[in-house]
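The primary structure of each chain is shown beneath.
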Amino acid sequence: MIKIVIVGLDGCLGSAFLGLSDLLTLARRAILAAIPPGDTVGAPDFQVVTASAGGRPVRDGAGGALDVKASFDEIALCDAVIVPSFAPEADGRAPEMSAFAAAAAWLRRHHSRGALIGGCGSGVFLLGEAGLLEGRRCTTSWWHHEDLKKRYPRADTAWGARLIDDRRVVTAAGPLSWIDVGLHVIRTLCGQEAGRIAADFTLGEAAPARGAARGAAYTPNVLSGGADAFLADAERIVRQSDAAFNAQDLAKALSTSERTLHRRLKQACGESPKTFIDRIRVETARTLLETSAKPVKKLAASAGFIDEASFRRAFRRYAGMAPSAYRIWAKARSQPKAQMFSVRKESEIIPEILTTILDSCVNGVTLADPDLDDAPIVYANKRFELITGYDPEEIIGRNCRFLQAEDRDQEGLRRLREAIRNRQPVDVILRNYRKSGTLFYNKLNVTPLFDAQGKLIYFLGVQYDVTDQIRAETEIGDLKAKLQAIA
Ligand SMILES: Cc1cc2nc3c(=O)[nH]c(=O)nc-3n(C[C@H](O)[C@H](O)[C@H](O)COP(=O)(O)O)c2cc1C
């Protein structure tokens, strides 16, 4: 049975700790009641456990005692762990996490054993302490944003995002985000239908509000408790600025000179005012790309760029890929199946190992995601880049047919289409074109990959450049023909 653990820590918000327990317990009841009688296949039953160090009761932020059912040590395996938010300290900040080192180590262990780890609001800091935010896209409440970045500089902290799931690490913004996290955990572990029932039952309605203002990055007027008030102010001003806004305007808005602005930014984040402004705008654009369907042109304006071209340039520089590729990559990454690259194994080294292995292949290796529009490539190894001459940002997010250029009338393509439609493996040789425009013969194998439930998750493509072989065969054929003509 699926096991979901709610972590009890001194200083947590009682509403979050108890609310999570109620939400999950009520949702479970509703989900089980919705299963038709006799249907035992795939009935997504789960168990909710509260746990603390030594199984001791904990004190919430208001001093009330909270009982827990188990000690951390008693839980060897579980499917999800949720860390509720903390009551803020007197200065508004999240508490020091060094006091929770044992809990952080326990979280790390469970993540490496395959559990989904969720943090709500300031509870996200414990995930940082556990090292789980390193290199991951994450979010927290807006007034903790600066502080989280400062305390865990290797976290890829998004501004204004409500919930982010990056490879089994779920982070959410706001003291009431335990609702979002609880429902997300149910959806991930028990499926979309169970998630819908849980949301319908606990919130009264699961559909997103129609016409809700979406896409604009959240820019509150007052930031409190930030690690660096100057930096936080500068960020807020840039986020609210328009495209004409420059370093001079920023200095003015902060009531300081350009020189002082330069010095203070260098000190606080090592950036010049221009770099700082561009980075904040790209950061806003990333959130917009992840959370809205706005066309890139409109989005560039919303993020504060003067035109689409300068947006694309800046975006590539900071995010390492084109905006459209980023959108597809972010969408693919948030799917539960993206866990394929961080499989239920010992640690996060797995994706690196996997990537290293795939990069050392003599074949091109690609993964196409059939759940996304037009089955784009979501992964390509180094060899594929070498064979085709394209950079990763020119590959990710596109359907592989771009390699065929205008050469679309090929016998192999008909067989390939049919095999993909029937979800069967296939081998074909195609005429493809490198970025330079030169022809190469691509011996392509496409294999559908299914999960344990038989659901198609990816198409695996293996590409091998057989140009020399085809040329040699053609030459032999020509030679034979010539010799026969002489004889
Ligand atoms: C995983 C995978 C890898 C593929 N790799 C290539 C490739 O390297 N070269 C190519 O020309 N087509 C490749 N294709 C095929 C195209 O993506 C596409 O399926 C094919 O052109 C037929 O569809 P279409 O008629 O919509 O273009 C690949 C397909 C998949 C699923």
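The structure reproduced in this document is the subject of the present report. All of these numbers come straight from a predicted model, not from anything done at the bench.

### Side note on helix α12 (residues 308–319)
A rise of 1.5 Å per residue sets the reference length of α12, with its 12 residues, at 16 Å; its end C-alpha atoms lie 16 Å apart and thus fit the reference within 8%. Taken together, the buried positions of α12 are Ser-310, Phe-311, Ala-314 and Phe-315. One side of α12 holds all its buried residues, which, seen down the axis, span an arc of 130°. Every exposed residue of α12 that faces more than 90 degrees away from the buried side is listed here: Arg-313 and Arg-317. Gly-320 sits one or two residues past α12 and shows a positive phi near 80°.

### A short note on the sheet that holds strand β15 (residues 439–450)
One open sheet holds the 5 strands; their spatial order is β13-β12-β16-β15-β14, and the pairing between them is antiparallel. Across the chains shown, the open sheet's two edge strands, defined by having one partner strand only, are β13 (377–380) and β14 (426–433). Direction aside, neighbouring strands of the sheet carry axes that sit 30° apart on average. As judged from the 3 bridges shared by strand β12 (residues 364–368) and β13, these two strands associate in the antiparallel manner. Note on β13: the bridge partner recorded for Thr-366 is Ala-380. Strand contacts of helix α17 (residues 411–421): β14, β15 and β16 (456–465), with the helix running at about 130° to β14, the strand carrying the most contacts. Contacts between helix α18 (residues 467–486) and the sheet are confined to β14, β15 and β16, with β15 contributing the most and set at about 125° to the helix.

### Re the packing of aromatic side chains
Here the structure, examined in full by the defined rule, presents 8 aromatic pairs. Ring geometry for Phe-72 against Trp-106: centres 4.4 Å apart, planes inclined by 25°, an arrangement best described as stacked. Placement of the pair is Phe-72 in the loop between β5 (70–71) and β6 (80–83) and Trp-106 in helix α2 (residues 101–112), with a sequence separation of 34 residues. Trp-106 shares its class with Phe-72; the two are buried. Here a set of aromatic residues connected by ring pairs shows up, and it is made of Phe-305, Phe-311, Phe-315 and Tyr-326. In this structure, Arg-264 is placed above the aromatic ring of Phe-230, and the distance from its NZ or CZ to the ring centre is 4.0 Å.

Rules used throughout
- Residues numbered from 1 in each chain as written.
- Predicted model: local features only at pLDDT ≥ 70, side-chain atom pairs only at ≥ 80, totals over all residues.
- Heavy atoms only, no water.
- Helix = DSSP H or I, 4+ residues; strand = E, 2+ residues; numbered from the N terminus.
- Expected span 1.5 Å × (residues − 1).
- Buried < 20%, exposed > 50% of the residue type's maximum accessible area, 1.4 Å probe, protein only.
- Arc of directions from axis to C-beta.
- Pairing = 2+ DSSP bridges.
- Axes fitted to C-alpha atoms, helices over the stretch in contact; angles between N-to-C directions.
- Contact = heavy atoms within 4.5 Å.
- Phe/Tyr/Trp six-rings, centres within 6.5 Å; stacked < 30°, edge-to-face > 60°.
- Lys NZ or Arg CZ within 6 Å of the ring centre and 35° of its normal.

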